[in-house]
Structure formats: C-alpha cells, structure tokens
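One-letter residues, chain by chain:
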Amino acid sequence: MKKTLSTIILVGFLSFIPSSGLLAAAVWDVATPYPEQNFHTQNILMFAKEVEQATGGKIKMKVHSNASLLKMPDIKRGVQTGQAALGEILLSAYGNEDPFFQLDGIPFVSTGYDTAKIVWEKTRPFIEARFKKQGMTVLYAVSWPGQGIYTKTPMTSVADFKGIKFRTYNPATARMAELMGAVPTTIQAAEVPQAFATGVVSAMITSAITGVDSQSWDFAKYFYDVGALNNKNLVFINAKVFEGLDKKTRDIILDASAKAEKRGWEMSAKANEASLKTLAEKGMKVEKPNEKFYGELKAIGEKMIQEWLEKAGPDGKAFWESYRKK
Ligand code: PCA
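Notes on the structure in this doc start here.

Conventions used here
- Residues numbered from 1 in each chain as written.
- Predicted model: local features only at pLDDT ≥ 70, side-chain atom pairs only at ≥ 80, totals over all residues.
- Heavy atoms only, no water.
- Axes fitted to C-alpha atoms, helices over the stretch in contact; angles between N-to-C directions.
- Helix = DSSP H or I, 4+ residues; strand = E, 2+ residues; numbered from the N terminus.
- Parallel < 35°, antiparallel > 145°, perpendicular 65-115°, else oblique.
- Left-handed = near helix turned anticlockwise from the far one by under 90°.
- Contact = heavy atoms within 4.5 Å.
- Buried < 20%, exposed > 50% of the residue type's maximum accessible area, 1.4 Å probe, protein only.
- Arc of directions from axis to C-beta.
- Pairing = 2+ DSSP bridges.
- Right-handed = clockwise from strand over helix to strand, strands pointing away.
- Phe/Tyr/Trp six-rings, centres within 6.5 Å; stacked < 30°, edge-to-face > 60°.
- Salt bridge = Lys/Arg side-chain N within 4 Å of Asp/Glu carboxyl O.

## Overview of the packing of helix H6 (residues 171-179) against helix H11 (residues 291-311)
Here is step 1: Contact pair H6 / H11: the axes reach a minimum separation of 10 Å and the direction vectors enclose 125°. With respect to each other, H6 and H11 are oriented oblique. Crossing angle aside, the handedness with which H6 passes H11 is right-handed. Residues Ala172, Arg175, Met176 and Leu179 of H6 lie in contact with H11, whose contacting residues are Ile300, Lys303, Met304 and Glu307.

## A few points about helix H3 (residues 72-80)
Because the α-helix completes a turn every 3.6 residues, residues three or four places apart line up on one side.
Here is step 1: Every buried residue of H3 is accounted for by Met72, Ile75, Lys76, Gly78 and Val79. For H3, the arc enclosing every buried residue in end-on projection is 165°, short of the 170-degree limit, so these residues lie on one face.
Here is step 2: The secondary structure elements touched by the buried residues of H3 are strand S1 (27-31), strand S3 (86-90), helix H4 (99-102), helix H5 (113-133), strand S4 (136-143) and strand S10 (232-238).
Here is step 3: Of the residues trailing H3, glycine 82 is marked for its positive phi of about 85°.

## Section: the pairing of strand S2 (residues 60-64)
Here is the key point about a regular strand: its side chains alternate between the two faces of the sheet.
Here is step 1: Relative to S2, S1 is paired through five bridges, and the arrangement is parallel. Bridge pairing in S2 places valine 27 opposite lysine 60.
Here is step 2: Considered for its hand, the β-α-β crossover made up of S1, helix H2 (residues 39-54) and S2 is right-handed.

## Re the side chain of aspartate 225
Here is step 1: Assignment of secondary structure puts aspartate 225 in the loop between strand S9 (222-224) and S10.
Here is step 2: Ignoring anything within four residues of it in the chain, the contact list for aspartate 225 reads Gln147, Gly148, Leu276, Glu287, Lys288 and Pro289.

## Notes on the environment of threonine 168
Here is step 1: Along the chain, the position of threonine 168 falls in strand S6 (residues 165-168).
Here is step 2: Between the alpha carbons of threonine 168 and leucine 86 there is a distance of 26 Å; along the sequence they are 82 residues apart.
Here is step 3: The contact partners of threonine 168, leaving out residues within four places of it in the chain, are Thr173, Ala174, Ala177, Pro184, Thr185, Thr186, Ile187 and Ile205.

## Topic: the packing of aromatic side chains
Here is step 1: Throughout the structure, instances matching the rule amount to 20 aromatic pairs.
Here is step 2: For the ring pair phenylalanine 101 and phenylalanine 131, a centre distance of 5.4 Å and an interplane angle of 55° mean the geometry is tilted. Of this pair, phenylalanine 101 sits in helix H4 while phenylalanine 131 is found in helix H5, placing the two residues 30 residues apart along the sequence.
Here is step 3: The buried category is assigned to phenylalanine 131, whose relative accessible area is 0%.
Here is step 4: Measuring from centroid to centroid gives 4.0 Å for phenylalanine 196 and phenylalanine 219, while their planes differ by 20°, and the two rings are stacked. Separated by 23 residues along the polypeptide, phenylalanine 196 in helix H7 (residues 192-197) and phenylalanine 219 in the loop between helix H8 (208-213) and S9 bring together distant segments of the chain.
Here is step 5: Residue class for phenylalanine 219 comes out buried when judged on its relative accessible area of 10%.
Here is step 6: Each member of the aromatic cluster is reached from another via a ring pair, and the members are Phe100, Phe126, Trp308, Phe319, Trp320 and Tyr323.

## Digging into the sheet that holds S1
Here is step 1: Across the sheet, five strands lie side by side as S2-S1-S3-S10-S4; this open sheet has mixed pairing. Strands at the two margins of the open sheet, each flanked by one partner only, are S2 and S4. Within the sheet, the average angular offset between the axes of one strand and its neighbour, ignoring direction, is 20°.
Here is step 2: Of the pairings in the sheet, the one linking S4 to S10 comprises seven bridges and is antiparallel in character. Counterpart to valine 138 in the pairing with S10 is phenylalanine 236.
Here is step 3: Sheet strands touched by H3: S1, S3, S4 and S10. Its angle to S3, the strand with the most contacts, is close to 145°.
Here is step 4: Across the sheet, helix H10 (residues 247-281) lies against S1, S4 and S10, angled at about 20° from S4, the strand it touches most.

## Some points on the sheet that holds strand S7 (residues 183-186)
Here is step 1: If you walk across this open sheet you meet the six strands as S7-S6-S8-S5-S9-S11, and the pairing is mixed. Strand pairing shows two members of the sheet lacking a second neighbour, S7 and strand S11 (285-287), which therefore form its edges. Pairwise comparison of adjacent strand axes, ignoring direction, gives a mean angle of 25° for this sheet.
Here is step 2: Summarising the sheet, S6 and strand S8 (residues 203-206) pair through two bridges and their orientation is parallel. Its bridge partner lying in S8, phenylalanine 166 is registered against alanine 203.

## A word on the pattern of salt bridges
Side chains that differ in charge, positive against negative, can pair when their charged atoms come close.
Here is step 1: Evaluated as defined, the whole model comprises 17 salt bridges.
Here is step 2: A salt bridge links glutamate 97 to lysine 76, with the shortest nitrogen-to-oxygen separation between them at 2.5 Å. Taken together, the positions of glutamate 97 in the loop between S3 and H4 and lysine 76 in helix H3 put the pair 21 residues apart, joining distant regions of the chain.
Here is step 3: The class of lysine 76 is buried, set by a relative accessible area of 3%.

Printed below as a string of structure tokens:
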C-alpha cells in the first residue's frame, strides 16, 4: 500500500514536469510568420544555431516558419501564454494595441534604414516596457526594406487608386489605402497569391522581397518603389522562460540577439537589392513613383502622423519632437 501510494505520487509528479512550463522543454518552439527563404527567417535560424552552439546544446530551438505553428496575429499571445517560447512578429500588425507598435508602419516616418534605425533606438525603451508588462522580453528588431506599391496597370497619382481593392497588412497601411481612396483588405503575406488569383485584391503594398516571396509577376505588372516606410519585425521571448535561465545563458542569448539585429539589417538591404533585380528580370516594370504621386503619398503620411500624435500621449509627443530634431 505504501509503495503504491509513493508510486502514484511519483507518477503524478513526473507527469507534472512537462506541463509545468517551457523551462522543462528540451526544444523551444519558435513561431515565425514568413517563409523559410525570407531573410528574416534565415536570420532567426542563424540566431537559433548560434545559441545552440554557444550553450553546448543546452538550448535548442525549432523554428516554425511561414505561420505554420501560429498565425501572425496569434504569435504575440502565443508567446505570452507559453505556447511558444519565442516569437517573431511584424510589430506594426499589432498597431491597434499601442501607438508605439503602430509607428513604424506609418509612411514617411522613416525614409530608409538610417532613419529607421533612429526610430528603433528611440522607441525601443517604450516597446520593451510594454512587452515587459505583458510578460515578454524583447530580443531584437530588424527592418524590412522600404515599401512599394504593386499594380496591374500604370499609376501616375493617388487618384488612380480610387475604388481599387488594395492588399494591406496592418492598421497603418489600411488607413493609408483609405486615404488614397482605395478599398483596403488585410491579407497575410502567405495568402497574397491566392487573394490576387481570386480577385479579392488587384493592388498591394509590400516590399520587393515579399513580392518575390509571393511571385508577384504572376499577378502584377508594376512595382512603384516608394521606399519611405520601414516596418520592423520584432523577436521576443517569454519572460518566465528567459528569467528562469542562469546569467551565463541569458548573456549568450542577448549577445546572439545583438548579433542577429546587426546582421539582419544588412541582410535586409542585400535581399532588397537582389529582389528588385528579380522583379525586373521576371518582366515587371520597377519604377519610382513620379514626383506628384510621391508628394501625394507624403501628404498622406503627414496626415497620419498628426492622427498618431493625437493617440500617442505625452510619450509619443516627446518621441516625435526629439526625432524631428535629428
Ligand atoms: N512584407 C510583409 C510586411 C512588410 C513587408 O515588406 C508583408 O507584406 O506582409
């Protein structure tokens, strides 16, 4: 009887361990939204490898690409609740949650990697504090290249977009499309080809890179390389998982994160150049928007930043004033 009881206790205890949290997991699940060949995914795969090597195999990660573990809108919550140990998101896709998540999705806030970097440095403390409150630790962020607009027909001004069904990917680009007179529909990157094939949309905003990932030449003819919009992907870890590690391991992860951030921005620029070439080679017309069109988009960006400032409170105003001085 005594033996049986202790066996029951032991069995009960053992079965409790795996469900007691990610600390016990031999392999950490990493939820990411973009395809395997995308530079963001390649970068996080290198990060995972580096951490595994530097910890002597103590920490192993399984990177689930292309939203195969969790859909992009579910990744943040998934990491918060421990469904995955780490996650990667397009931060601005969560723009409705917090003005600081929205900011880098607004056109003309940055006009290239240099200004995008300043935006990141200056907003990082606010973003980190918000993630911390929700039980997550920010590891690194990497910018997408400047964005452009894909269409089937030539476009010379914003007026040409009136009534056009337009693929967007976050609240900011949806607002931009609305101000252009287009009809926005939020579609995840993985579902872009299908959305064009079924006529749900006939134009979209994204980078040259996502254009290549989705083989945009099958459904669009023009790429207007606007440039002035650098969204970032953010990589973060469940805070309990992170804080449960010893200092040495935490330092290894932070060190690998800093390296991934530096490497990622370089990979972004290289992938952008290669992708612009591929679009042209596949027969697409790759152009800059004409001056008038560009100016109209810029005016939309200015209106949007005013709208943002109304929502962003004192932190937002302070950030914007100090950023504008740069
Ligand atoms: N690609 C992502 C977000 C920004 C980008 O360049 C997308 O289109 O969903």
